[in-house]
Amino acid sequence: MTPLPPLGLYLHLPWCVQKCPYCDFNSHALRGPLPETDYLTALLRDAAWEAPTATGRSVRTIFIGGGTPSLFSPAAIGQLLEGLSQHLTVAGDAEITLEANPGTVEQKRFEGFRAAGVNRLSIGVQSFDAGQLHRLGRIHGPGEARAAARAARAAGFERFNLDLMFALPDQDLAGAVADVDAAIALEPEHISHYQLTLEPGTAFHARPPALPDEDLAADMEAACAERLAAAGFVRYEVSAWSRPGGACRHNLNYWRFGDYLALGAGGHGKLSTSDGRIQRTRKVALPRHYQTVAGTPAAVAEAWEVPADERVLEYLMNALRLVDGAPRAEALARTGLPWSAFAPGVAEARARGWMVSDPERLAATAEGLRFLNDLLGLFLEPATEAAS
Ligand SMILES: C[S@@+](CC[C@H](N)C(=O)[O-])C[C@H]1O[C@@H](n2cnc3c(N)ncnc32)[C@H](O)[C@@H]1O
Ligand code: SF4
């Protein structure tokens, strides 16, 4: 019997006011009124259907993501959390995060989310530069971004994250640093700092804007990292910075290869079984379709088992994003694999200076983090490596 890892719960609320040109998430511009009640009912049918897979386990973290979950009313979020607790055991001290977009919130709404049981907010700021926000297709300006952060604090959220992106169209080094400084001034507990990527299927991918080259992007990242560190933030994952102790517990569980249920259109779930299997599932992506089939097996678009020979790579793609990596014992417990499955790749990575030499820990060095894809390439199947 393998001990089961901690369990999280992800809920996907897929609507936005409009679609941003860089975004490849399962998000849809709202046409007409938000189908709040119908979607809520569908999520709770899905929760009832999933509940038997979590028998005897308690949910440690909940993440309500999107899309733009803050379009939902506090009353709906309250009913959702209340309804979930009828199907699942939610730990008393669960971290419950909701994603909120500036321009869709005001203090009363935040107070309502807090009263409904949400105890952490993730606010999608992206930039504090009005011109950049416009090019990124955002519905908010810098004033609304600042107002959202202040409203979060005033509504009693001690824990909130600000999402920022850098290497934006025509951005210079000073622009990237100014965004980080503006975020720090709002005193969040957490800052996610993502390099803008051009994702297939997006408007930016079809008509790419002029982006900073890789050297400038690397300089931006280094300069921003210096500011964040000087302000007391600790980098714990490639893109995640927090005050000491303020890491996002829900995301940490992903990176440590924990388990998670997923409710909502397009949600991805992962569950380990006590006989050592790892199951992944993906729910149907189209919101209307999901609403009609939620709570039945037809809501699962795809379900598959992670084969033993893919677990090392899947595990390390997550764990090596963490600055501290993971204890070796946890790697073996979470994958159900013997050390011999990791050993050759780890030996090679250590020889190249990409992984730390501590025998009890699997962690990338600073160099390894910079070349993470090359490092992960060392763990590809020998057959694949030979073919490439
Ligand atoms: C799930 S998304 C959406 C959150 C929220 N709807 C918003 O946009 O504010 C979470 C974060 O991913 C980041 N993100 C989305 N698309 C990205 C891209 N193409 N490149 C880099 N970061 C991206 C943004 O910072 C965004 O806030
Ligand atoms: S608001 Fe967020 S989820 Fe919606 S389209 Fe923009 S980036 Fe994507």
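Residues numbered from 1 in each chain as written. Chains lettered and ligands numbered in written order. Predicted model: local features only at pLDDT ≥ 70, side-chain atom pairs only at ≥ 80, totals over all residues. Heavy atoms only, no water.

An unreviewed UniProt entry annotates the protein chain as Heme chaperone HemW originating from Sediminicurvatus halobius. Recorded in UniProt under Cofactor (unreviewed entry), the annotation for the protein chain is "[4Fe-4S] cluster". (UniProt positions renumbered as here; feature names shortened; annotations may be inferred.)

Turning to the overall build of the protein chain, a few remarks are in order. When helices and strands are counted, the protein chain shows 16 helices and 16 strands. The C-alpha atoms of the protein chain give 21 Å as radius of gyration, which agrees with the globular expectation for 388 residues (21 Å, within 12%). Per-residue burial over the protein chain gives 53% buried out of 388 residues. Across the protein chain, every contact between residues at least 6 apart in sequence was considered, and the portion connecting residues at least 24 apart equals 71%. Approximately 16900 Å² of the protein chain is accessible, and the part contributed by carbon and sulfur atoms is 54%. (Helix = DSSP H or I, 4+ residues; strand = E, 2+ residues; numbered from the N terminus. Rg over C-alpha atoms; globule rule 2.2 N^0.38 Å. Buried < 20%, exposed > 50% of the residue type's maximum accessible area, 1.4 Å probe, protein only. Contact = heavy atoms within 4.5 Å. Areas by Shrake-Rupley, 256 points an atom, 1.4 Å probe, with all protein chains shown as cover.)

Let us look at the packing of aromatic side chains. Taken as a whole and judged by the stated rule, the model has 12 aromatic pairs. Seen from their ring centres, phenylalanine 110 and phenylalanine 157 are 6.3 Å apart, and the 75 degrees between their planes marks the pair as edge-to-face. Here phenylalanine 110 is found in helix 3 (residues 107–115), whereas its partner phenylalanine 157 is found in the loop between helix 5 (142–154) and strand 7 (160–166), with 47 residues between them in sequence. Considered together, phenylalanine 110 and phenylalanine 157 belong to a single accessibility category, that of buried residues. Aromatic rings pair up to connect Trp15, Tyr39, Phe72 and Tyr290 into one cluster. One residue, arginine 328, lies across the ring of tryptophan 339, its end atom 4.2 Å from the ring centre. (Phe/Tyr/Trp six-rings, centres within 6.5 Å; stacked < 30°, edge-to-face > 60°. Lys NZ or Arg CZ within 6 Å of the ring centre and 35° of its normal.)

What follows is about the packing of helix 6 (residues 173–185) against helix 8 (residues 214–230). Between helix 6 and helix 8, the least distance of the axes is 9 Å, while the angle of their chain directions is 30 degrees. On the basis of the axis angle, helix 6 is roughly parallel to helix 8. Regarding helix 6 and helix 8, the two cross each other, and that crossing is right-handed. Residues Leu173, Ala176, Val177, Val180, Asp181 and Ile184 of helix 6 form the contact with helix 8, whose own contacting residues are Leu216, Asp219, Met220, Ala223, Cys224, Arg227 and Leu228. Here the residues of the contact of helix 6 with helix 8 are counted per class, giving 10 nonpolar, no polar and three charged. (Axes fitted to C-alpha atoms, helices over the stretch in contact; angles between N-to-C directions. Parallel < 35°, antiparallel > 145°, perpendicular 65-115°, else oblique. Left-handed = near helix turned anticlockwise from the far one by under 90°. Nonpolar A, V, L, I, M, F, W, Y, C, P; charged D, E, K, R; others polar.)

Most of strand 1 (residues 7–13) is tucked away, with seven of its seven residues classed as buried. The alternating pattern of strand 1 places Leu7, Leu9, Leu11 and Leu13 on one face and Gly8, Tyr10 and His12 on the opposite face, and all of these are buried. Here strand 1 runs beside strand 11 (residues 259–264); their pairing, made up of six bridges, is parallel. Within strand 11, the position partnered with leucine 7 by the bridge is aspartate 259. Here seven bridges tie strand 1 to strand 4 (residues 58–66), and the two strands are oriented parallel to one another. From the neighbouring strand, leucine 9 faces strand 4, where its bridge partner is isoleucine 62. (Pairing = 2+ DSSP bridges.)

Now for helix 5. End to end, helix 5 covers 18 Å across 13 residues, agreeing with the expected 18 Å (1.5 Å per residue, within 8%). Those residues of helix 5 that fall on the buried side of the exposure criterion are Pro142, Ala145, Ala148, Ala149, Ala151 and Ala152. Among the structural elements, helix 3, strand 6 (120–126), helix 4 (130–135) and strand 7 are those in contact with the buried residues of helix 5. Looking at the residues trailing helix 5, positive phi occurs at glycine 156, about 100 degrees. (Expected span 1.5 Å × (residues − 1).)

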